[in-house]
Amino acid sequence: SDVGNRFAAEIMNRHPEHFWNGARLSIAPDPLQLEIAHRALARLPQEHPLALKFAGQFTLVGDVQTAINLVKEAGLTPAKLRAVIHANLAYIDQIEPELAKCGTLRVSAKTIPLIEDMVQKLPGQNIESLVRPLRSLDVVIKESLQSAIEQAEIEGNNSALSQWKRRWLQPFEGSYTMTAERQRNTWWLGLADAYDAYRQQMHSRNYYDYADMLVEVISQLETNPGLRADVQEQFQYVLIDEFQDTNAAQLRLSHLVSDHFASGGNPNIMAVGD
């Protein structure tokens, strides 16, 4: 993790003009990050679901800080998080009528192949390039079903498949809906607002944190072909040590640096892990 941060810092130091308009920001100490999280929530509309208060204090500030850190470790900017969540919500609307048919089937040896066929025939979401190395929602749904089927075979009962159904489908007025998944995505859409306000507050005071650095470098490499080409020329071999500790942002950065067109789809990247 520290090596990944130092590498991101190295790219920023070599190309300062591409980051925060050349501004030299400082690392924010933890107490200041908490203060800025409070200020970010204060900038949200009073009716915003993440701006809940009790006795004058924001009740979700800890959850918001944790969620923002998770999003940063995934390498997502507020704009990219919004794009992913909007794509997820549209996908839920698209597949809900078809997936709901699985809810009407009682899990048994006879219905498992039917459920598997229905799920595998769901359309793809086609946002892999946007979320990589994260997995898109359609992949998560399909792979989680396969895992549940394998677990059911090992355990000799269908409890894992029943749990899979409850995870993705909930009964409502005689039918089945993806209400819980829609609510989860709606929460993360609200989190994008808090994340945006947090970054604006942080940067307006000339601060950033280590995760910010990775997100910013990834964002600039993705959107600036000239910068990406320069960095790929400078760093032609990438070695990832302690690979088991690598988060999605660090892995995304590694691929952006090593996927040079001259590699012909075989980048010079090596991973070492326990």
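As shown above, the structure is provided for reference.
The structure presented is a predicted model; accordingly, all values stated were derived computationally and were not measured.

### Focus: unusual backbone geometry
Glycine aside, residues mostly have negative phi, and peptide bonds are mostly found in the trans state. For the peptide bond that leads from R132 to P133, omega is 10°, which places it in the cis range. When you line up the elements, P133 lands in the loop between α6 (128–131) and α7 (137–155). You will see that N206, though not glycine, has its phi angle at about 65°, which is positive. Summarising the element assignment, N206 is placed in the loop between α9 (179–204) and β6 (207–208). Exposure remark for N206: the relative accessible area of 43% places this residue in the partly exposed category. The residue E242 is not glycine, and still its phi comes out positive at about 50°. Along the polypeptide, E242 turns up in the loop between β7 (238–240) and α12 (248–258). Under the relative-accessibility criterion, E242 is labelled partly exposed at 36%.

### Looking at the pattern of salt bridges
Following the criterion strictly, the structure yields 18 salt bridges and no others. Note that E35 and R205 form a salt bridge whose closest N and O atoms lie 3.0 Å from each other. You can see E35 sitting in helix α2 (residues 30–42) and its partner R205 sitting in the loop between α9 and β6, a full 170 residues away along the chain. In this structure R205 comes out as partly exposed when scored by relative accessible area, which is 32%. A single salt-bridge network, built from bridges that share partners, covers K72, R199, D209, D212 and E216.

Rules used throughout
- Residues numbered from 1 in each chain as written.
- Predicted model: local features only at pLDDT ≥ 70, side-chain atom pairs only at ≥ 80, totals over all residues.
- Heavy atoms only, no water.
- Helix = DSSP H or I, 4+ residues; strand = E, 2+ residues; numbered from the N terminus.
- Buried < 20%, exposed > 50% of the residue type's maximum accessible area, 1.4 Å probe, protein only.
- Salt bridge = Lys/Arg side-chain N within 4 Å of Asp/Glu carboxyl O.

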